[in-house]
Amino acid sequence: MKEEKKLRSRDWFGRKDKDGIIYRSWLKNEGMPADMFDGRPVIGICNTFSELTPCNAHFRDLVEMVKRGVLQAGGFPLEFPIMSLGETLLKPTAMLFRNLASMDAEESIRGNPIDGVVLLTGCDKTTPSTVMGASSVGLPTIVVPGGPMLNGRYKGQTIGSGTHVWKFDEDMKTGKMTQEECEFAESCMSRSIGHCMTMGTASTMACMVESLGLTLPGAAAIPAADSRKKVLAQLSGRRIVEMVKEDLTIYKVLTREAFENAIKVNAAVGGSSNFIIHLLAIAGRIGVELKLEDFDGLGSKIPLLVNLMPSGKFLMEDFFYAGGLPVVLNELKDHLHKNVVTVTGKNHHDNIKGKTDCYNPEVIAPFDTPLITEAGCVVVKGNLALNGAVMKPSAATPALMKHKGRAVVFENIEDYHARIDTPDLDIDENSVMVLKYVGPVGYPGMPEVGNMALPKKILEKGIKDMVRISDGRMSGTAYGTVVLHVSPESAVGGNLALVQNGDMIELDVEQRKLHLHVSDDELEKRRTKWTAPKARADRGYVSMYVKHVMGADKGADLDFLKGSSGSVVTRDSH
């Protein structure tokens, strides 16, 4: 008979000495009966609730469902908070603090008497940060995505969070919408609990963890307001107790094959380009060798199957009613690795049996008749992006995928805001907009400003898209022919820093080319005159971040966080 593995929590609660008294006694002031310390699995519930993170504000209720499931399965649930990252409110960008939140999650999990962990995630960075932290510890881990909002409805039309923000902004600039109408539309867009209901980064992250095998089947698409989300949370609480008993750790789930599956699924759902930077960071923590080129090589030829904004017209609520991610996994079955274990202890193929019917082919297209035949993110390279840059063809304008135009350069985000709508800005629809110093080091934190709003004078001509290039990111809810994540970034001396107004830039997506038509000699002359920008912080976390953050092509994690430290803590606190 196989010997049962000793629970990690017994090093706290199983002690018969002074330290054991301390570890048990103070928890008893919360009303814990003595039999809670009898050797049952202790489940930590990592709660990213915050009223400053509107997408996760319903987690006070959701966590109770997880606890109920843990108790039903004979576990001991203990909820703990970590820093919560609200995309809509946190300045200068939530991405700046993703790595900090991952450190919070990692040390909270490792330093406490936890045998398994449930990650409550929702808003964009709360998913990758918690998974990164959990990956560096290695305990049994399951994710409960908080769920998308219900569809927005405005004047009889379906509207999507984020995606329609950009449209409303354009409409106000051109006089098609009043301020009063916009404020009314705000309420119509965000009308229930949950995160963005477009295939933005939050929904992409939910699909990412389901495709990686870190959630129960069907978890990604259930709306936050649907009672079935509470059921899923409760079942996840039950399952994590079983995972502890089976010793099904996150290391066993997050294999190279699981990452390859996730890349292909992301292409099929039209997921956010932010998926790339987060998956690279997770891979770096778990020890899986993953490169920027893998996203192009594995995903770019996968067809777009899911018709959701910003690449399509529907929203996550519709995706759920159509069958959700299990339908997509079934359509991709011949292209996915089948021998990949998930948190159920089974593979995706077994998980989705009986759950593969598509109830709306307009929302989820069959593999043989996709919305777009090749839809995954692509990686372009050249002298303007020696380490690569990314773009999302499914959200771009086909006619601009091969384009050559003169650069209109904005030296920083302040320069952009100051000049973008000035009548004398020397720009036309054939120009290429270039924004510098918005990368991990330059901003700092690599914000979602890459999808620069077009100049008012261009919008008034009826033009809706132009080629835009930066070392920043864009919201997963955004759209346009936008080249992102240029690496090396301008702040560390990448050639993007040397671009001048009037330089010719060539983008050829089919050839994976991004070329600045300036000679090497001229670039070297410019480099001798270039000086790195002054650091925007000289103390605290931000200073540490700037000194240690890796490039976008490496996932923008901190260099000293790559890898894992495991779950062992050898010294006591008293």
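Let me begin by describing the structure that accompanies this report. Please read these numbers as outputs of a predicted model, since none were measured by experiment. (Residues numbered from 1 in each chain as written. Predicted model: local features only at pLDDT ≥ 70, side-chain atom pairs only at ≥ 80, totals over all residues. Heavy atoms only, no water.)

### Structural notes on the state of the cysteines
Going by this rule: Criterion for a disulfide: a pair of cysteine sulfur atoms within 2.5 Å.
Evaluation of the coordinates by the stated rule reveals zero disulfides. Here cysteine 196 stays free of any disulfide, with the sulfur of cysteine 55 as its closest cysteine sulfur at 5.6 Å.

### What to know about the pairing of strand E10 (residues 432-435)
In plain terms, the rule: Exposed residues in this analysis have more than 50% of their type's maximum accessible area, buried residues have under 20%, and partly exposed residues fall in between, with area computed by a 1.4 Å probe over protein chains only. Labels follow the DSSP assignment, with helices taken as runs of H or I lasting at least four residues and strands as runs of E lasting at least two, numbered in each case from the N terminus. Should DSSP find at least two bridges between two strands, the strands are regarded as paired.
Burial along E10 is two-sided: the face carrying Val432 and Val434 and the face carrying Met433 and Leu435 are both buried. Across four bridges, strand E9 (residues 402-410) lies against E10 in parallel orientation. Looking at the pairing, phenylalanine 410 lines up with leucine 435 of E10.

### A few points about the pattern of salt bridges
Definition in use: Take a side-chain nitrogen of Lys or Arg and a carboxyl oxygen of Asp or Glu: if they are within 4 Å of each other, that pair is a salt bridge.
All told, the structure shown has 41 salt bridges when counted by the stated rule. Salt bridges sharing common partners tie together Arg15, Asp17, Lys18, Asp19 and Asp572.

### Re the packing of helix H4 (residues 98-110) against helix H5 (residues 126-135)
For the record, the criterion: Fitted lines through C-alpha atoms give the axes, limited to the stretch in contact for helices. The angle between two N-to-C directions lies from 0 to 180 degrees. Roughly parallel means an angle under 35 degrees; roughly antiparallel, over 145; roughly perpendicular, 65 to 115; everything else is oblique. Handedness of a crossing is defined here by the sense of rotation of the near helix relative to the far one, left-handed for an anticlockwise turn of less than a right angle and right-handed for a clockwise turn. Between two residues, a contact is recorded if the distance between any of their heavy atoms is within 4.5 Å.
The geometry of H4 relative to H5 is characterised by a closest axis approach of 7 Å and an angle of 40 degrees between their N-to-C directions. Our classification of the angle between H4 and H5 gives oblique. Considering only the axes of H4 and H5, their crossing is right-handed. In this structure, H4 contributes Arg98, Asn99, Ala101, Ser102, Ala105, Glu106 and Ile109 to the contact, and H5 contributes Pro128, Ser129, Thr130, Met132, Gly133 and Ala134.

### Considerations on H5
Counting buried positions along H5 gives ten out of ten residues, so the element sits mostly inside the fold. Of all the residues in H5, the buried ones are Thr126, Thr127, Pro128, Ser129, Thr130, Val131, Met132, Gly133, Ala134 and Ser135.

### A short note on the sheet that holds strand E1 (residues 42-47)
In spatial order, the strands read E2-E1-E3-E4; together these four strands make up an open sheet with parallel pairing. Every other strand in the sheet has two partners, leaving strand E2 (76-81) and strand E4 (141-145) as the edge strands with one partner each. Shown here is a sheet whose adjacent strand axes are inclined to one another by a mean of 20 degrees, direction ignored. Bridging between E1 and strand E3 (residues 116-121) involves five bridges; their strand directions are parallel.

### A short note on the environment of glutamine 179
Position of glutamine 179 relative to the elements: it lies in helix H7 (residues 179-189). We classify glutamine 179 as partly exposed; its relative accessible area is 43%.

### Concerning the side chain of threonine 126
Mapped onto the elements, threonine 126 comes out in helix H5. Look at threonine 126 and you get buried, because its relative accessible area is 1%. Each residue touching threonine 126, except ones within four places of it in the same chain, is listed here: Thr48, Asn56, Ser84, Leu85 and Thr121.

### A word on the side chain of threonine 198
To keep it simple, the criterion reads: Any pair of N or O atoms that falls within 3.5 Å is considered a polar contact. Within protein, one atom must be able to donate a hydrogen and the other to accept it, and sequence-neighbouring residues count only if both atoms are side-chain atoms.
Here threonine 198 is to be found in the loop between H7 and helix H8 (201-212). Only 3.2 Å separates the side chain of threonine 198 from the backbone oxygen of serine 161, close enough to count as a polar contact. Setting aside its immediate chain neighbours within four residues, threonine 198 contacts Gly160, Ser161, Thr163, Ser203, Met309, Leu315, Met316 and Thr477.

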